[in-house]
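# Chains, contacts and geometry: an overview
So the chains spell out like this:
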Amino acid sequence: ISRYYGLKHTSFSPLDGLDMVRRAATGKETYEYHVKIVPTIYQDSSFASQEFFGYQFTASQKSFELNAHGMRVLPAIWFKYQLTPITVKYTLKSKPLYHFITTVCAIVGGTFTVAGIIDSLLFTAHEVFRKMEMGKLS
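Residues numbered from 1 in each chain as written. Predicted model: local features only at pLDDT ≥ 70, side-chain atom pairs only at ≥ 80, totals over all residues. Heavy atoms only, no water.

## Some details on the overall build of the protein
Along the backbone of the protein there are two helices and four strands. Listing the helices and strands of the protein from first to last along the sequence gives α-β-β-β-β-α. The proportion of buried residues among the 138 residues of the protein is 10%. Here the analysis covers contacts within the protein between residues at least 6 apart in sequence; of these, 72% occur between residues at least 24 apart. (Helix = DSSP H or I, 4+ residues; strand = E, 2+ residues; numbered from the N terminus. Buried < 20%, exposed > 50% of the residue type's maximum accessible area, 1.4 Å probe, protein only. Contact = heavy atoms within 4.5 Å.)

## Points about helix α2 (residues 97-134)
Here α2 contains 38 residues, and its C-alpha end-to-end distance of 56 Å stays within 8% of the 56 Å for a straight helix at 1.5 Å per residue. Count one or two residues on from α2 and you reach G135, which has phi positive near 80°. (Expected span 1.5 Å × (residues − 1).)

## Let's talk about the packing of aromatic side chains
Per the stated rule, a full pass over the model turns up two aromatic pairs. A centroid spacing of 5.2 Å and a plane angle of 15° characterise the contact between Y33 and F79, whose relative ring orientation is stacked. Within this pair, whereas Y33 is found in strand β1 (residues 29-44), its partner F79 is found in strand β3 (residues 76-83), the two being separated by 46 residues in sequence. Accessibility expressed as a relative area gives 46% for F79, which makes it partly exposed. Taking 5.5 Å as the distance between ring centres and 15° as the angle between the ring planes, the aromatic pair formed by Y42 and Y90 counts as stacked. Of this pair, Y42 sits in strand β1 while Y90 sits in strand β4 (residues 88-92), and the two are 48 residues apart along the sequence. (Phe/Tyr/Trp six-rings, centres within 6.5 Å; stacked < 30°, edge-to-face > 60°.)

## Re the side chain of T30
Looking at the secondary structure, you find T30 in strand β1. By relative accessible area, T30 is classed as buried at 4%. Ignoring sequence-local partners within four residues, the contact set of T30 consists of K62, S63, F64, L66, A76 and W78.

## Here we look at the side chain of Q43
By secondary structure assignment, the location of Q43 is in strand β1. On the accessibility criterion, Q43 (16% relative accessible area) is buried. Among the polar contacts listed, one links the side chain of Q43 to the side chain of K89, at a separation of 3.3 Å. (Polar contact = N/O pair within 3.5 Å; in protein donor to acceptor, adjacent residues only side chain to side chain.)

## Observations regarding a nonpolar patch on the surface
A contiguous nonpolar surface patch, about 610 Å² in accessible area, is contributed by L97, F100, I101, V104, V108 and F112. The topology assignment puts V108 in helix α2. (Patch = residues over 30% accessible without salt bridge, like charges linked within 9 Å, V, L, I, M, F, W, Y side chains within 5 Å. Areas by Shrake-Rupley, 256 points an atom, 1.4 Å probe, with all protein chains shown as cover. Salt bridge = Lys/Arg side-chain N within 4 Å of Asp/Glu carboxyl O.)

## Observations regarding the pattern of salt bridges
This structure, assessed with the given rule, holds four salt bridges. With a shortest N-O distance of 4.0 Å, K80 and E32 are connected by a salt bridge. Taken together, the residues span a long stretch of sequence, with K80 in strand β3 and E32 in strand β1 at a distance of 48 residues. Overall, E32 belongs to the buried group, its relative accessible area being 11%. Note that E51 and K89 form a salt bridge whose closest N and O atoms lie 3.9 Å from each other. Of this pair, E51 sits in strand β2 (residues 50-65) while K89 sits in strand β4, placing them 38 residues apart in sequence. Exposure remark for E51: the relative accessible area of 37% places this residue in the partly exposed category.

## Structural notes on the confidence of the model for the protein
Taken residue by residue, the protein gives an average pLDDT of 80. The fraction at 70 or more is 76%. Every residue in residues 1-7 scores below 50 in pLDDT, and together they form 13 contacts with partners more than four places removed in sequence or on other chains. (pLDDT = per-residue confidence, 0-100.)

Listed below in structure tokens is the structure:
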């Protein structure tokens, strides 16, 4: 998959890479881990059409200390998973040859147009200076 879609990291743990801020543990902290999972299909649109099935996810965490005004508070840890019912589909498509040809023609045409404008400006300026030297500028 990484060859086709440029994936740089594959992990089987959604909580890998979460930055944890450590505080002094008091024994009353509650930790919450939220994971949202989206089913994903990667499709190659070449002659041998292949589909790769996988998942994307986002993960976050938070920790907080409960204060029950003098009552006993038990520490807790929560893992909350949310599975999305919508599937994301990425399709790899190459651009056709006529797209390249059209782009090259646009660049060449634009270059000739700008060159024509510059040539016209230089010619007009040269004619004005020549008439001014001859004293025929009216």
